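# A look at the structure
Chain by chain, the residues run as shown.
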Amino acid sequence: MRLTLLTGTVSGTADMVADAAESRLIEAGVQTTRLSGANVEEFLASAPEAILVVTATTGMGEVPDDLLPLQLELNDRFPLLTGIPFGVIGLGDSSYDDTFCQGGRDMRELLLELQAREALPMLELDASETVNQDEDAEPWVAEFLKALGR
Ligand SMILES: Cc1cc2nc3c(=O)[nH]c(=O)nc-3n(C[C@H](O)[C@H](O)[C@H](O)COP(=O)(O)O)c2cc1C
């Protein structure tokens, strides 16, 4: 199975979570293409059979700059991803209240609009509650792999 891993980070925490998830995916024999700062062509060329998004939230509730162009392009071009299983790990901080994990939530909504299929409910990691986001994501990643049949 080919999986495309999309990351969005400002200060590296989402990258750490993505590193840990990528290791687990590779161990499970999933052929993983990791994209950061990609455009829609690069994303589609990765021919995903599954998608994992790991993204922080920044600004006033946006995805970070390394994911924003792809998000905007997917919105504009609207390539259907019918039935492709996906999962989202959102990183945020509950002190931001209304925009908690909004970047991840927006990516989830977008993938659903593109007809992708959520394989496992989104994981939301709260920087007010934990500093071990990578470890905290491990059980979710294991469940996600199960949901992909690995
Ligand atoms: C300038 C700034 C704005 C942020 N805005 C939000 C926000 O709107 N909602 C949210 O849930 N978290 C917000 N956060 C918290 C980050 O998403 C959170 O700390 C995350 O773990 C950072 O991940 P990163 O190291 O991969 O960038 C913000 C953090 C910063 C520094």
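Just so we're clear, the structure is a prediction, and the values are computed from it rather than from any experiment. (Residues numbered from 1 in each chain as written. Predicted model: local features only at pLDDT ≥ 70, side-chain atom pairs only at ≥ 80, totals over all residues. Heavy atoms only, no water.)

What follows covers the nonpolar core. Judged by nonpolar contacts, the single largest core of 24 residues is most densely connected at Leu3, Leu52, Val54, Ile89, Leu91, Trp140 and Phe144. Elements represented by at least two residues in this core include exactly strand E1 (2-8), helix H1 (13-27), strand E3 (50-55), strand E4 (85-92), strand E6 (123-126) and helix H5 (133-147). Apart from residues lying up to four places away in sequence, Val54 is in contact with Leu5, Leu6, Thr7, Gly8, Ala14, Val17, Ala18, Ile89 and Leu91. Core analysis: the next-biggest nonpolar cluster, separate from the first, contains 23 residues, Val40, Phe86, Cys101 and Ala116 among them. (Core = buried A, V, L, I, M, F, W, Y, C linked by side-chain atoms within 4.5 Å. Buried < 20%, exposed > 50% of the residue type's maximum accessible area, 1.4 Å probe, protein only. Helix = DSSP H or I, 4+ residues; strand = E, 2+ residues; numbered from the N terminus. Contact = heavy atoms within 4.5 Å.)

This next bit is on the site of the ligand. Taken together, 19 residues lie around the ligand, and Thr9, Ser11, Thr13, Thr57 and Thr99 are the ones closest in. Within the side chain of Thr9, a nitrogen or oxygen atom sits 2.5 Å from an oxygen atom of the ligand. Thr57 is positioned with one of its backbone polar atoms (N or O) 2.6 Å from an oxygen atom of the ligand. Taken by itself the ligand offers 650 Å² of open surface, and the protein chains cover 78% of this. Contributing elements (two or more residues each) for the shell around the ligand: H1 and E4. Looking at side-chain class alone, the shell around the ligand contains 8 nonpolar, 10 polar and 1 charged residues. (Near = heavy atom within 4 Å. Polar contact = N/O pair within 3.5 Å; in protein donor to acceptor, adjacent residues only side chain to side chain. Areas by Shrake-Rupley, 256 points an atom, 1.4 Å probe, with all protein chains shown as cover. Nonpolar A, V, L, I, M, F, W, Y, C, P; charged D, E, K, R; others polar.)

So, on to unusual backbone geometry. The phi torsion at Ala47 lies on the positive side, around 45 degrees, for a residue other than glycine. As for its placement among the helices and strands, Ala47 is situated in the loop between helix H2 (40-45) and E3. For Ala47, a relative accessible area of 31% gives the class partly exposed.

Let us now look at the UniProt feature "domain: Flavodoxin-like" (unreviewed entry) in the chain. The UniProt entry lists residues 3-145 under the feature "domain: Flavodoxin-like" (unreviewed entry), expressed in the numbering used here. End C-alpha atoms of residues 3-145 are separated by 11 Å, and the span's content is 39% helix alongside 22% strand. (UniProt positions renumbered as here; feature names shortened; annotations may be inferred.)

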